[in-house]
Amino acid sequence: MASAWCGALWEKLNRKKTLEKDLLQTPLHRCLSTQHLALIGIGQMVGAGVFVLTGTVIKDKAGPGAILSYLFAGIAALLSSLCYAEFGARVPKAGSAYVYTYITIGEFWAFLVGWNIILEYIVGAAAIARALSGSIDALANNTMSNTLEEHLSLPGQFLSQYPDFLSFAFVMSVAVIVALGAKLSANITSVFTVINVTVIVSVAILGFIYADPTTWDSGFLPYGFQGVLGGAASCFFAFIGFDGISIAGEEAESPGRSIPVATISAMIVTTVLYIFVTTSVSFLVPYYDISASAPFPAAFAARGIHWAKYVVGAATVVAIFTALLGNMYMLPRTIYAIASDGLLFRIFAKVNDRTQTPVIANFVFSLVAALMALLLDMETLVDFLSIGTLMAYTMVAASVILLRYQPISECQFELHPDPTDSATDSAGNMAAAENGSSSESKPLHHSYSHDDFGKLKKLFRALPVLRHCSPGTAVATSTIIMAAFMAALCSLALYATESILRAEWWTIVLLVVLILGTVFSFLVIVAHVQNTAFKTFQIPLVPLLPATSMFINIAMMLKLTYLTWIRLAIWIAVGLVVYFAYGIRNSAENRSLASYNALTSYGGDGQQAPVLRGDDDDDDDDGGAEEGGDGDKWKKSQEEKPEFE
């Protein structure tokens with residue numbers, strides 16, 4: 001009895017999301033162009049950090065070598081963004097990492113990812129609003145903060161020194177803008193992003209005009225190459241925000257093309273911009289004289305250009321406001337995606353008929369963010385940031401690997417015709433000949449059929465243990481083991497650095513074991529047949545690129561403080577209560593175990609029934625009960641999904 005209950009629970013925790021037949025159908029308004037998406041991504045990444053983080057990296061970590069730090073960080077972030085671009089083009093839904101995890105890994109893990117993303121956006125909105133309020137206060141010589149602190153000071157360790165009414169007003173004002181529609185939000189974001197980039201470029205050009213090449217006389221790498229790598233780890237966080245492009249994908253006009261193009265374009269523009277700014281400020285004064293908190297105003301003042309302080313201050317306000325608008329644009333859409341699947345209260349999935357936005361989710365969670373901005377200290381807010389985002393990046397990279405090695409019986413996406421299917425090939429050629437043109441979906445020419453996806457390659461089919469695994473199982477297991485080895489390897493490198501440098505025997509042995517374990521798990525994945533027949537955008541060098549992205553994100557997570565992990569554990573504990581009290585029972589994928597087994601029974605060679613891939617309109621009765629009933633399965637999933645009002 002207990003084993004049956006545990007089995008049923010395990011099935012529910014790992015059930016995967018069934019996709020709609022038409023992935024472009026949505027109650028939201030598809031109105032965003034490629035340019036809108038790219039500017040949303042740039043606006044999210046190029047915030048006030050360009051005026052603050054740059055000084056810290058140059059002065060304390062890498063010197064002028066911060067140029068390389070930003071280059072390496074941009075390349076590392078590009079790996080994660082490419083994983084998002086592949087999924088975003090294939091599944092243009094607002095949930096982003098949550099939806100991608102739901103499709104490939106399972107419901108419970110997707111909920112954890114989505115729950116952490118909600119925290120990131122709420123805390124991010126509060127922190128950005130506090131920074132915006134502080135920047136305006138700084139331009140007014142701290143008049144507001146001094147007055148409020150004198151008359152309305154707040155007690156408590158984690159509370160702010162004074163209630164920040166301006167930041168509260170900023171959050172609620174932006175919530176109103178977001179509620180009025182995606183087009184308005186995107187247009188305002190685009191305008192402010194263009195202004196922001198223009199001002200940043202102008203400030204950087206001014207720096208080159210007053211440049212002094214002798215500032216590099218002390219060396220390009222005063223902290224060595226290790227300093228460049230340390231700076232790259234800090235610079236990586238400057239690129240967080242590109243996932244906003246994927247979240248906005250449900251409102252994109254042509255997501256299959258727009259999301260990859262916008263993602264890559266935004267990453268290139270942002271990286272070039274950061275390198276340009278860093279080079280400029282490093283030429284103004286020697287690296288050891290750069291101000292860590294205000295690099296540009298201090299550097300310009302040292303060169304006698306005092307008025308530049310106000311230009312940089314205004315640019316900082318514009319940059320922070322753009323980041324706030326982008327952050328709060330993503331927040332309700334993430335909540336809407338989770339609620340529409342029934343894992344959060346379905347009232348948050350309601351979409352306003354006129355504005356076509358999730359208004360209730362927008363105002364409820366914006367109010368939470370506004371109250372946090374009003375009462376909490378900036379340092380307390382910042383400690384919450386990054387870990388949930390990095391966890392989402394890791395899960396998406398792992399999901400790309402799992403999706404590429406799924407057996408054909410589990411694939412829910414439209415594929416190119418099977419190259420070994422002579423009937424399909426002949427029919428396509430005949431149709432092309434009749435039309436006097438080439439077929440739209442030409443078969444891919446490789447030596448494996450669709451039925452081979454997830455199985456061992458012919459050269460390795462005699463390998464012990466692996467040859468007995470069902471398609472996709474060995475890859476999934478190896479991905480989990482590889483992630484565990486990566487985490488252990490990063491922990492050893494970060495927390496036993498001195499022992500490794502002293503070549504203590506136990507660290508060397510452990511280092512070799514962990515490296516070999518990581519490499520072996522990776523090679524097991526490579527030994528299997530990969531699905532490269534998707535019609536949408538595919539990143540190259542899988543599984544190498546997503547595996548590298550996983551390693552970088554895991555390393556970044558392990559560098560965060562233990563207090564951050566404790567706070568994350570508390571937030572996850574709250575999420576577990578929500579999921580097991582509400583989500584697991586109200587999930588749109590919630591079916592009885594008997595019905596699920598009946599639907600996935602399949603008489604062919606595959607392990608499960610073929611699921612809908614969007615091109616089965618002409619299925620006959622033979623695809624019914626015996627082969628899993630694709631049409632019935634899809635209809636059932638649609639009946640159990642929440643309706644939009």
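Residues numbered from 1 in each chain as written. Predicted model: local features only at pLDDT ≥ 70, side-chain atom pairs only at ≥ 80, totals over all residues. Heavy atoms only, no water.

As a further point, take the overall build of the chain. Secondary structure assignment for the chain yields 25 helices and 0 strands. Out of the 645 residues in the chain, the part that is buried amounts to 53%. Pairs at least 24 apart in sequence give 83% of the contacts found in the chain among residues at least 6 apart. With the model as given, the accessible surface of the chain reaches about 27,300 Å², and the carbon-plus-sulfur share is 64%. (Helix = DSSP H or I, 4+ residues; strand = E, 2+ residues; numbered from the N terminus. Buried < 20%, exposed > 50% of the residue type's maximum accessible area, 1.4 Å probe, protein only. Contact = heavy atoms within 4.5 Å. Areas by Shrake-Rupley, 256 points an atom, 1.4 Å probe, with all protein chains shown as cover.)

All chains considered together, the criterion is met by 10 salt bridges. Residues K17 and D341 are paired through a salt bridge, measuring 2.5 Å at the closest nitrogen-oxygen approach. On the criterion of sequence distance, the pair formed by K17 in the loop between α1 (2-14) and α2 (34-45) and D341 in the loop between α14 (308-340) and α15 (359-375) is long-range, its members being 324 residues apart. Take D341: its relative accessible area is 3%, and that puts it in the buried class. Two residues, R502 and E504, come together in a salt bridge whose shortest N-O distance is 2.7 Å. (Salt bridge = Lys/Arg side-chain N within 4 Å of Asp/Glu carboxyl O.)

Turning next to the nonpolar core. If you look at the biggest cluster of nonpolar residues, it comprises 163 residues, and the most contacted ones within it are F239 and L344. Of the residues forming this core, the biggest block, 18 residues, is contributed by α14. Inspection of this core shows a minimum of three residues originating in each of domain 1 (33-404) and domain 2 (410-415 + 452-560). When residues no more than four places from it in sequence are discounted, the contact partners of L344 are F111, W115, I118, I335, I338, A339, V578 and Y582. Within the second largest apolar cluster, 5 residues are counted, among which are L456, L466, A474 and V524. (Core = buried A, V, L, I, M, F, W, Y, C linked by side-chain atoms within 4.5 Å. Domains from an automatic or database assignment.)

Here helix α19 (residues 473-495) crosses helix α22 (residues 544-558) at 45 degrees, and the two axes come no closer than 9 Å. Between α19 and α22, the interaxial angle falls into the category oblique. Crossing handedness for the pair α19 and α22: right-handed. The residues of α22 that touch α19, namely those facing T479, M482, A483, M486, A487, L489, C490, S491, L494 and Y495, are A547, M550, F551, I554, A555 and L558. The residue makeup of the contact of α19 with α22, split by class, is 14 nonpolar, 2 polar and no charged. (Axes fitted to C-alpha atoms, helices over the stretch in contact; angles between N-to-C directions. Parallel < 35°, antiparallel > 145°, perpendicular 65-115°, else oblique. Left-handed = near helix turned anticlockwise from the far one by under 90°. Nonpolar A, V, L, I, M, F, W, Y, C, P; charged D, E, K, R; others polar.)

Next up on the list: the side chain of T357. For T357, the location among the structural elements is in the loop between α14 and α15. The buried category is assigned to T357, whose relative accessible area is 2%. Polar side-chain contacts of T357 include one of 3.0 Å to the backbone oxygen of A179. (Polar contact = N/O pair within 3.5 Å; in protein donor to acceptor, adjacent residues only side chain to side chain.)

This brings us to the environment of A476. Structurally, A476 can be placed in helix α19. Relative accessible area serves as the criterion here: at 27%, A476 is assigned to the partly exposed category.

This part covers the environment of V529. Residue placement: V529 occurs in the loop between α21 (505-526) and α22. Under the relative-accessibility criterion, V529 is labelled buried at 2%. In this structure, the C-alpha to C-alpha distance between V529 and G472, residues 57 residues apart in sequence, is 9.4 Å.

For the chain, per-residue confidence averages 82 on the pLDDT scale, and residues scoring 70 or more make up 85% of the total. For the chain, per-element mean pLDDT is lowest for helix α25 (residues 630-639), which scores 42, and highest for α21, which scores 95. Here residues 430-445 is modelled with pLDDT under 50, and outside its nearest four sequence neighbours on either side it reaches 17 contacts, counting other chains as well. Residue range residues 592-645 is modelled with pLDDT below 50. Its contacts to residues more than four positions away, or to other chains, number 91 contacts. (pLDDT = per-residue confidence, 0-100.)

Turning next to unusual backbone geometry. Going from V542 to P543, the amide bond is cis rather than trans, its omega being 15 degrees. Structurally, the position occupied by P543 is in the loop between α21 and α22. Positive phi, normally seen in glycine, also occurs at A503, with a value near 60 degrees. Within the secondary structure layout, A503 lies in the loop between α20 (497-501) and α21. The residue L541 is not glycine, and still its phi comes out positive at about 55 degrees.

Below, the discussion takes up the packing of helix α8 (residues 165-179) against α14. At a minimum axis separation of 10 Å, α8 and α14 run at an interaxial angle of 60 degrees. In terms of axis orientation, α8 runs oblique to α14. α8 and α14 meet at a crossing whose hand is right-handed. Contacts from F170, V171, V174, A175, I177 and V178 of α8 reach α14 at F321, L324, L325, M328, Y329, P332 and R333.

On to α15. With 17 residues, α15 should reach 24 Å at 1.5 Å per residue; the first-to-last C-alpha distance of 24 Å fits that figure. When we look at burial in α15, the residues that qualify are A361, N362, F365, S366, A369, A370, M372, A373 and L374. (Expected span 1.5 Å × (residues − 1).)

Taken together, the side chains of W505, W506, V509, L510 and V513 define a hydrophobic patch exposed on the protein surface, amounting to about 520 Å² of accessible area. Its place among the elements puts W505 in helix α21. What makes W505 exposed here is its relative accessible area of 67%. (Patch = residues over 30% accessible without salt bridge, like charges linked within 9 Å, V, L, I, M, F, W, Y side chains within 5 Å.)

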